[in-house]
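# Coordinate inspection notes
The primary structure of each chain is shown beneath.
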Amino acid sequence: MQLVRQNEKSGGKRYRSGVVVLAALLAAAVASGCAAETGGGGAGAPGAPAKTAVGRSGDASPQAGPARAPDTYAETVRKKQAVRAVAARKWGLAKVPLAAPEPPKVKPSITTRKGFEVRNDKGLPPVFTTVPTKERIVFLTMDDGAEKDPELLRMMTELDIPYSAFVSDYVINDDYGYFKKMQQRGVTISNHTLNHRYLPGLSHAEQKREICGQQEKILKHYGKRPTLFRPPYGNYNRDTLVVAKSCGITAVPLWSSEAFPDRMEWREWDQDLHPGDIVLTHFRGKEDWKGSMPDMVRRVMKTITDKGYAVAKLEDYV
């Protein structure tokens, strides 16, 4: 408790003795009140000297200040963007990637894209290339898993760019640990079949082995069955969707554009990005491409950023 003294410009000697007595009485009251607040068993108890946080005798204990309020989403984004700007310079990006808006509290309702239907598809997982949203965001997805470039893990982590991995067992089974590190960095590991076969050419039983078999592989190595599935080459039939649903798949995201280290390929007639578009690329390197995976990231992020889009996390919307 702290007393605030008012300065008096007048009042002669006759007041001084009264002031001294009053001050003594108030000091006694303060000491009594502080002792009562400690409950009689702590540092303020009769016979026990007061202690500070560092344990010195005879000093008043400091009071804790008010708890700091958590950052708002905007403040969190501002801090992340400052870090991202440094990472963008380090990794040679032309511009700092834009920040995505806060994810929706309720995920949008997704239906199969017109022209991508199969017969009697009611209740089957929707097949789509764009997530319905008005936000200027796109989603980056990577397929297969042949290239396991450690630079990609560092780059995407430092830039804080979200992406989703759709993996096939036949190309990741020599290094499950690489994708475990990716998962630990917040990447969702999803299904791209065991052996990357052309599914419409397979029987129902063969498709089940490819899709459901990969579900079990991912469960074993990454702890959870995926809910998202991408058929190899983007090809599927009704059996594909029936089988996928039977082993836990709820959605089949395809893509509207594809990224390479030296170019973009467009699926849409206007050869442009649109809100909610899904961008495809692959785990590939210089053996297959004219560049590395970091080269591909630099290229696709330049396109996305130049067009005024941010990259959001697909699983926040699907």
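Scanning the protein for helices and strands turns up 8 helices and 9 strands. Expressed as a percentage of its 318 residues, the buried residues of the protein come to 39%. Put simply, of all contacts in the protein between residues at least 6 apart along the chain, 68% involve residues at least 24 apart. Of the accessible surface of the protein, which amounts to about 18000 Å², a share of 53% is contributed by carbon and sulfur atoms.

Although it is not a glycine, T193 sits at a positive phi angle of roughly 75 degrees. Residue position: T193 is located in the loop between β4 (189-191) and α6 (204-222). Residue T193 is classed as buried on the basis of its relative accessible area, which comes to 0%.

A word on the packing of helix α3 (residues 150-159) against helix α8 (residues 293-306). Axis separation between α3 and α8 bottoms out at 8 Å; the angle between their running directions is 35 degrees. Seen from α3, the contacting residues are E151, L152, M155 and M156; seen from α8, they are M293, P294, V297 and R298. Looking at the contact of α3 with α8, its residues break down into 6 nonpolar, no polar and 2 charged.

Okay, the pairing of strand β2 (residues 137-144) next. The buried count for β2 comes to 8 of 8 residues, which makes it a mostly enclosed element. Note: β2 against strand β9 (residues 310-312), 3 bridges, orientation parallel. Each bridged residue has a counterpart across the sheet, and for F139 the counterpart in β9 is A312. Note that β2 and strand β8 (residues 278-282) share 5 bridges and pair parallel.

Where helix α7 (residues 238-246) is concerned, the buried positions are T240, L241, V243 and A244. Each buried residue of α7 sits inside an arc of 165 degrees when the element is viewed along its axis, so together they form one side. In the core, the buried residues of α7 are packed alongside β1 (127-128), α6 and β5 (252-253). Directly beyond the C-terminal end of α7, a positive phi value near 105 degrees is found at G248.

Scanning the model with the defined rule gives 15 salt bridges in all. When salt bridges that share partners are traced, they join K95, K302 and D306 into one network.

Here we take up the environment of P104. Checked against the element boundaries, P104 lands in the loop between α2 (73-90) and β1. Once the C-alpha coordinates of P104 and D316 are considered, the two residues, 212 residues apart in sequence, prove to be 7.5 Å apart. In contact with P104, other than residues within four places in its own chain, are D316 and Y317.

The predicted model of the protein averages 85 in pLDDT, with 78% of residues at 70 or higher. Ignoring residues within four places in sequence, the model shows residues 1-64, a span with pLDDT below 50, making 25 contacts including any to other chains.

Counting residues in hydrophobic clusters, the biggest one holds 41 residues, and the most contacted among them are M142, F179, M182 and V300. Apart from the residues within four sequence positions on either side, V300 is in contact with L140, A259, M264 and V279.

Residue position: E315 is located in the segment after β9. This buried residue, E315, is left without a salt bridge; K313 holds the nearest opposite charge, at 5.0 Å. Setting aside its immediate chain neighbours within four residues, E315 contacts K107, S164, T188 and L228.

Evaluation of the coordinates by the stated rule reveals 4 aromatic pairs. Aromatic side chains F260 and W289 sit 6.2 Å apart centroid to centroid with 70 degrees between the ring planes, which places their arrangement in the edge-to-face category. Highlighted residues: F260 in the loop between β6 (257-259) and β7 (264-266) and W289 in the loop between β8 and α8, separated in sequence by 29 residues. On the basis of relative accessibility, which here comes to 12%, the residue F260 falls in the buried class. Judged by its relative accessible area of 12%, W289 is buried. Here the aromatic cluster, defined as three or more aromatic residues joined through ring pairs, consists of Y178, F179 and F283.

Conventions we followed
Residues numbered from 1 in each chain as written. Predicted model: local features only at pLDDT ≥ 70, side-chain atom pairs only at ≥ 80, totals over all residues. Heavy atoms only, no water. Helix = DSSP H or I, 4+ residues; strand = E, 2+ residues; numbered from the N terminus. Buried < 20%, exposed > 50% of the residue type's maximum accessible area, 1.4 Å probe, protein only. Contact = heavy atoms within 4.5 Å. Areas by Shrake-Rupley, 256 points an atom, 1.4 Å probe, with all protein chains shown as cover. Axes fitted to C-alpha atoms, helices over the stretch in contact; angles between N-to-C directions. Nonpolar A, V, L, I, M, F, W, Y, C, P; charged D, E, K, R; others polar. Pairing = 2+ DSSP bridges. Arc of directions from axis to C-beta. Salt bridge = Lys/Arg side-chain N within 4 Å of Asp/Glu carboxyl O. pLDDT = per-residue confidence, 0-100. Core = buried A, V, L, I, M, F, W, Y, C linked by side-chain atoms within 4.5 Å. Lys, Arg positive; Asp, Glu negative; His and termini not counted. Phe/Tyr/Trp six-rings, centres within 6.5 Å; stacked < 30°, edge-to-face > 60°.

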